[in-house]
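Residues per chain, in single letters:
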Amino acid sequence: MANYRFQLFLNISFFLILAIGQSSIAAANDDRKAYIVYMGSAPEGEYLATSRQRTMLQKVIRGSSVEESMIRSYRRSLNGFAAKLTEEEVEELANMKGVVSIIPNRIYHPRTTRSWDFMGFSNTVRRNPTVESNVIIGVIDSGIWPELPSFSDKGFGPPPKKWKGVCRGGKNFTCNNKVIGARFYKSVPSGDESARDNSGHGTHTASTAAGNVVKDVSFFGLAQGTARGGVPSARIAAYKVCYKKGCESVDILAAFDDAIADGVDILSVSLGSAESTEFFDDVIAIGSFHAMEKGILTLNSAGNNGVAGPLGVESVAPWMVAVAASTTDRRLSTKVVLGNGKTLNGFSVNPDTFNGKKLPLLYGREVSSICSEDDARLCSESCVDSKLVKGKIVLCDNAGSDSVVYNAGAAGSIVLDDLPVSFITPLPSPALNAGDYDLLLSYKNSTKNPVAEILRSESIKESYSPVVAQFSSLGPNFIAPDILKPDITAPGAEILAAYSPISSPSGSPVDKRRVKYSILSGTSMACPHVAGIAAYVKTFHPDWSPSAIKSALMTTAWAMDRTKNPDGEISYGSGHVNPVRAIVPGLVYETSKEDYIKLMCSLGYTNDNIKQISGEISACPVKSKNVPARDMNYPSLAASVPAVKSFTVSFRRTVKNVGLPNSIYRVQISPNPKLKVEVVPKVLTFKALEETKTFTVTVSGGGLSAKSMESTTLVWSDGTHIVRSPIVVHTYPSIKSS
């Protein structure tokens, strides 16, 4: 039976799992479906672009008007439009001059008081407040609640002069000098025509990236502290693309189109798709490529399907930063005290108390007379008899049963779940691992009148953090196996941040509580942490390219303890983000648009495939297909090698000196008896800033079993700076070879 608590986490609380299907835009009695007609880069003029798009559409549509068919026009940073089309109309448009590709509409879904201090990023670290106030973070998500204290503009001056955006947040929505821009995208009118956040997800991510400093914040007294974003003085532009049914790709691409033209500096996108798609079929990959061209770095959540095993990472484009989720040293624990005095440690966010009273325990199969035994044990819908459970604690093998038990009138529930993350539930509902759950059942079955008390949650200190959260999706990269993904990890478990005051904190419609700050978990929460740090780096290095900022984040990351993170680099990439060191990386690996195009050529992409991403005719250089993808100048080094057989692979890298003018870097390789590593040269001597040096790394070994990996670490150091890169060889297949 599936782990229902995990499914609830994916499907309800944080909107994290893909629901692939054709667009809800399609009319009930029409064979038209929504498509994106992508025409490349920004046109010469918005009016001319719109006119041409309408003319093209007019030539193919039948039985409908342009107004009825056209959904949206892209004309600021991208060129194209979204429309409702029949298959025949799609075929005609595909053959028209200027059409790069036609992409079916898909549904994507959205994937802190203690976290910053845990990373050593206190509120007193070195900052440039004036420069920081000129940085704009664009958040493509479920909107924002601008009246919260995290988004107050007290002390803020007017928006930066570079800002070209607008405040079109809808009725009763007002921007300020903190939230300087807002837009919403809704392909079909639904009564929710506003940038206001109804779910809490977008508000949470925006405040994590750039929320103001707000003291004495908690969730009903739990996780109390000071909430703040990574760059509290920065500005926020909110782009609402997510609603109850998810986030439509036609809207996501429109948000990228506007955000790039509006003048944002960093984009935080905690959305994703669990479908294995090529770069040219993924609107986030396409939009972020255009952002990269304009000097904007996109941070993207890695996904929350870690329990499914390797090859689950959802953000794989090399021009983005894929962010995994890890724990902090503060966790929430909820104890269950049995009638025999034994205490079991569970996971949940429970602000309630039974005031020392122990309540009767009932098993799910005991409270239903109309369901099968399996469904009853799971406390499935309609299987819990309210007459039997009122005022009692129900034991359920299904961790997603809390709403059912709550509706039936139970005082609490105890559920089976091995995922060690605390979630908010509508009633006290701690989750126990299999061992403790068996102990609980054993006590109940051996006792005439079994009782238990569920205690209020308490904060506990985790001495072995950070570790990658079990839900965080694992690599390697399923499209480009020689580019390591995810790139980096950041706090994403039990994060307290701002929240929509009209949304249930548990994500359950039966939960009537409302809060302004709530606790969420997911790579959605990790992504804005790194977005805030990327913005922080940009305040010190405003002229750095997106790849330079990305390199600084990755090469200064903390090394993760492999003994506590058994999946290694395919779970955490280069390591745990380190905000303070990221502004002084010493050396950076830079990657250009041309490098990404060569990479795609090496992956076997045709010129037409590449045009589908870049929007431009980009012929592959004659020799590029012979250049291995692992030679792209990426801050991490990865290679896919054959299983069992011996191998020798080499990597060519170039670093730029951004540390001290006269410096000498020497190489160090961490030992791994299964890998032999040679670096030439072993010393890099720099005489000036911006000077570059090239080196080659050769790795040999053999005997790796199928679907396994080995790793080591390359470090360049001048005695002041430590520039660290993981080296990973693995035998996992790509989707092209599996």
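Treat the numbers as computed from the prediction; the structure is a model and nothing was measured.

S.K.: How would you summarise the overall build of the protein if you had to cite specific residues and measurements?
M.R.: A count of helical and extended segments in the protein gives 19 helices and 36 strands. Its C-alpha radius of gyration of 26 Å places the protein within 12% of the 27 Å reference for a compact globule of 738 residues. Expressed along its principal axes, the backbone C-alpha trace of the protein runs to roughly 80 × 70 × 55 Å. The buried share among the 738 residues of the protein stands at 63%. As presented, the protein carries roughly 27,200 Å² of accessible surface, and 50% of it is formed by carbon and sulfur atoms. The average position of the 78 basic charges and that of the 68 acidic charges among the side chains of the protein differ by 4 Å.

S.K.: Help me get a handle on the sheet that holds strand E13 (residues 266-269), residues and values and all.
M.R.: On the basis of which strands lie adjacent, the open sheet formed by seven strands has the order E7-E10-E6-E13-E15-E16-E25 and parallel pairing. Whereas interior strands pair on both sides, the edge strands pair on one side only; in this sheet they are strand E7 (179-184) and strand E25 (488-491). Mean inter-strand twist for the sheet, computed between neighbouring axes without regard to direction, equals 25 degrees. Here three bridges tie strand E15 (residues 297-301) to strand E16 (residues 321-326), and the two strands are oriented parallel to one another. Each bridged residue has a counterpart across the sheet, and for leucine 299 the counterpart in E16 is valine 321. Seen against the sheet, helix H7 (residues 201-210) touches strand E6 (136-141) and strand E10 (235-240) and runs at an angle of roughly 160 degrees to E6. Relative to the sheet, helix H15 (residues 546-555) contacts E15, E16 and E25, its axis offset from that of E15 by approximately 45 degrees.

S.K.: Break down the packing of helix H9 (residues 283-293) against helix H18 (residues 593-602) for me, citing the residues and quoting the values.
M.R.: Packed helix pairs are specified by the crossing angle of their axes together with the interaxial distance, meaning the distance between the axes. Where H9 contacts H18, the two axes come as close as 10 Å, and the packing angle between them is 145 degrees. Mapping the contact onto sequence places Phe289, Met292 and Glu293 in H9 and Lys593, Tyr596 and Met600 in H18. Counted by class, the contact of H9 with H18 contains four nonpolar, no polar and two charged residues.

S.K.: Would you mind going over the side chain of histidine 529 in detail, with residue names and values included?
M.R.: Along the polypeptide, histidine 529 turns up in helix H14 (residues 523-540). Histidine 529 sits in the buried class, given a relative accessible area of 0%. Of the polar contacts made by the side chain of histidine 529, one reaches the backbone oxygen of methionine 525; its length is 2.8 Å.

S.K.: Give a description of the nonpolar core that names residues and reports values.
M.R.: Core analysis: the largest hydrophobic core is formed by 74 residues, its most contacted members being Leu299 and Leu553. Among the elements that make up this core, the one with the highest residue count is H14 (eleven residues). When sequence neighbours within four positions are dropped, the list of residues in contact with leucine 553 reads Ile488, Val530, Ile533, Ala534, Val537, Val577 and Ala582.

S.K.: For the pairing of strand E5 (residues 107-110), give the residues involved together with the corresponding values.
M.R.: Residues Ile107 and His109 of E5 are buried on one face, and the alternating residues Tyr108 and Pro110, pointing to the opposite face, are buried as well. Relative to strand E12 (residues 246-248), E5 runs antiparallel, the two sharing two bridges. Considered in E12, the bridge of isoleucine 107 is made with glutamate 248. Examined bridge by bridge, E5 and strand E14 (residues 271-272) share two bridges and lie antiparallel to one another. Directly across from proline 110, in E14, lies its bridge partner leucine 271.

S.K.: Got a sec to walk through the pattern of salt bridges? Specific residues and values, please.
M.R.: This structure, assessed with the given rule, holds 32 salt bridges. Taking the shortest distance from any N to any O, the salt bridge between aspartate 265 and lysine 162 comes out at 2.6 Å. Here lysine 162 lies in the loop between E6 and E7 and aspartate 265 lies in the loop between helix H8 (249-262) and E13, a separation of 103 residues in the sequence. Classification of aspartate 265 by relative accessible area gives buried; the value is 10%. Put simply, aspartate 258 and arginine 183 hold a salt bridge, and the shortest N to O gap is 3.8 Å. Taken together, the residues aspartate 258 in helix H8 and arginine 183 in strand E7 connect sequence positions 75 residues apart. Residues aspartate 258 and arginine 183 agree in their burial class; the two are buried. Within this structure, Arg76, Arg183, Asp258 and Asp262 form a network of salt bridges that share partners.

S.K.: Talk me through unusual backbone geometry; I want residue IDs and the actual numbers.
M.R.: Proline 476 follows glycine 475 through a cis peptide bond whose omega is 0 degrees. Position of proline 476 relative to the elements: it lies in the loop between strand E24 (458-461) and E25. Backbone torsion omega between lysine 485 and proline 486 reads -5 degrees, so that peptide bond is classified as cis. Considering the arrangement of structural elements, one finds proline 486 in the loop between E24 and E25. Phi angles above zero are rare outside glycine, and cysteine 379 is one such case at about 55 degrees. In this structure, cysteine 379 sits in the loop between helix H10 (373-377) and helix H11 (386-389). In the Ramachandran plot, glutamate 494 falls in the positive-phi region, its phi being about 60 degrees despite a non-glycine side chain.

S.K.: Residues and numbers for the state of the cysteines, please.
M.R.: Evaluated as defined, the whole model comprises five disulfides. Across a sulfur-sulfur distance of 2.1 Å, cysteine 379 and cysteine 396 are joined as a disulfide pair. What sets the handedness of the cysteine 379 and cysteine 396 disulfide is the S-S torsion sign, and at about -85 degrees it is left-handed. In this pair, cysteine 379 is assigned in the loop between H10 and H11 and cysteine 396 in strand E20 (residues 393-396), connecting sequence segments 17 residues apart.

S.K.: Please set out the side chain of aspartate 262 residue by residue, giving values where relevant.
M.R.: Tracing the sequence through the fold places aspartate 262 in helix H8. Side chain to side chain, aspartate 262 and arginine 183 meet in a polar contact 3.0 Å long. Beyond its immediate chain neighbours, meaning those up to four positions away, aspartate 262 contacts Arg76, Lys162, Trp163, Lys164, Gly165, Arg183 and Tyr239.

Thresholds, definitions, all that
- Residues numbered from 1 in each chain as written.
- Predicted model: local features only at pLDDT ≥ 70, side-chain atom pairs only at ≥ 80, totals over all residues.
- Heavy atoms only, no water.
- Helix = DSSP H or I, 4+ residues; strand = E, 2+ residues; numbered from the N terminus.
- Rg over C-alpha atoms; globule rule 2.2 N^0.38 Å.
- Buried < 20%, exposed > 50% of the residue type's maximum accessible area, 1.4 Å probe, protein only.
- Areas by Shrake-Rupley, 256 points an atom, 1.4 Å probe, with all protein chains shown as cover.
- Lys, Arg positive; Asp, Glu negative; His and termini not counted.
- Charge placed at Lys NZ, Arg CZ, Asp CG, Glu CD.
- Pairing = 2+ DSSP bridges.
- Axes fitted to C-alpha atoms, helices over the stretch in contact; angles between N-to-C directions.
- Contact = heavy atoms within 4.5 Å.
- Nonpolar A, V, L, I, M, F, W, Y, C, P; charged D, E, K, R; others polar.
- Polar contact = N/O pair within 3.5 Å; in protein donor to acceptor, adjacent residues only side chain to side chain.
- Core = buried A, V, L, I, M, F, W, Y, C linked by side-chain atoms within 4.5 Å.
- Salt bridge = Lys/Arg side-chain N within 4 Å of Asp/Glu carboxyl O.
- Disulfide = S-S within 2.5 Å.

The values reported here are purely geometric and, on their own, carry no functional implication.
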